[in-house]
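Commentary on secondary and tertiary structure
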Amino acid sequence: MKVRRSGSFFFCAAGGLGFAIPGAVGAQLAQPERPVLAISGDGSAQYGIQGMYTAANRQLPVTFLVLINREYGILKGFGDYLTTTGVPGLDLDYLDYEALAKGYGIPAVRTGRPDELAVAAKQAFTAAKGPHMIIVDVAPGVPLGG
């Protein structure tokens, strides 16, 4: 992703699970003239999911892109690093992000191919006021970062 303008990419120092959703809401509140895209994994999103309420309640133009790999991948990685495998509670096969979005009053679309993702993102950024969610399934166990 090319960042073409300063102040257009935010990430918390030293990492941190759950930054994307509340960070995106805060960025949009700080600069209301700019639409915001928040990219989060499904596990990480659970740490700040209530930020979707603020986005919906205030009709903020934030697009939440949630990558669904059905696991707390980073926590599994830490477990592997510490040679602690089989940690319970790290599989997320029961979460339904379309239902979560609907519960907050946020329209959601599930995409699978890159061309569909591009269309969904463009539609979210040009749609009526308010937040949107784009859900993308990805393979579990595949590192999503650098």
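It should be noted that the structure appears before, not after, this text.
Residues numbered from 1 in each chain as written. Predicted model: local features only at pLDDT ≥ 70, side-chain atom pairs only at ≥ 80, totals over all residues. Heavy atoms only, no water.

**Quick look at the sheet that holds strand S2 (residues 62–68)**
If you walk across this open sheet you meet the four strands as S1-S2-S4-S3, and the pairing is parallel. Of all the strands in the sheet, the pair left with one neighbour each is strand S1 (36–41) and strand S3 (108–111). Taken over all neighbouring pairs, the strand axes of this sheet differ in orientation by 20° on average, direction set aside. Helix H1 (residues 20–30) rests against S1 and S2 of the sheet, and its axis sits at about 170° to S1. Across the face of the sheet, helix H5 (residues 97–104) comes into contact with S2, S3 and strand S4 (132–137) while running at roughly 175° to S4. (Pairing = 2+ DSSP bridges. Helix = DSSP H or I, 4+ residues; strand = E, 2+ residues; numbered from the N terminus. Axes fitted to C-alpha atoms, helices over the stretch in contact; angles between N-to-C directions. Contact = heavy atoms within 4.5 Å.)

**Overview of the pattern of salt bridges**
Under the counting rule described, the total for this entry stands at seven salt bridges. Asp137 is the salt-bridge partner of Arg70, the closest N and O atoms lying 3.9 Å from each other. Remark: Asp137 occurs in strand S4 and Arg70 occurs in the loop between S2 and helix H4 (73–81); sequence separation between them is 67 residues. Judged by its relative accessible area of 37%, Asp137 is partly exposed. Arg110 is paired through a salt bridge with Asp137; the nearest N and O atoms lie 2.8 Å apart. In this pair, Arg110 sits in strand S3 while Asp137 sits in strand S4, placing the two residues 27 residues apart along the sequence. Look at the salt bridges and you will find they share partners, linking Arg70, Glu98, Arg110 and Asp137 into a network. (Salt bridge = Lys/Arg side-chain N within 4 Å of Asp/Glu carboxyl O. Buried < 20%, exposed > 50% of the residue type's maximum accessible area, 1.4 Å probe, protein only.)

**Some points on the environment of Leu67**
Tracing the chain through its elements places Leu67 in strand S2. For the pair Leu67 and Gly41, spaced 26 residues apart in sequence, the C-alpha separation works out to 4.6 Å.

**Quick word on the nonpolar core**
Counting 24 residues, the largest nonpolar core has Ile21, Met52, Val62, Phe64, Tyr97, Ile106 and Met133 as the members making the most contacts within it. It is S2 that contributes the most residues to this core, four residues altogether. When sequence neighbours within four positions are dropped, the list of residues in contact with Tyr97 reads Asp42, Ala45, Gln46, Ile49, Val66, Ile68, Met133 and Ile135. Formed by six residues, the second largest nonpolar core is a distinct cluster that contains Leu65, Ala120, Ala124 and Val136. (Core = buried A, V, L, I, M, F, W, Y, C linked by side-chain atoms within 4.5 Å.)

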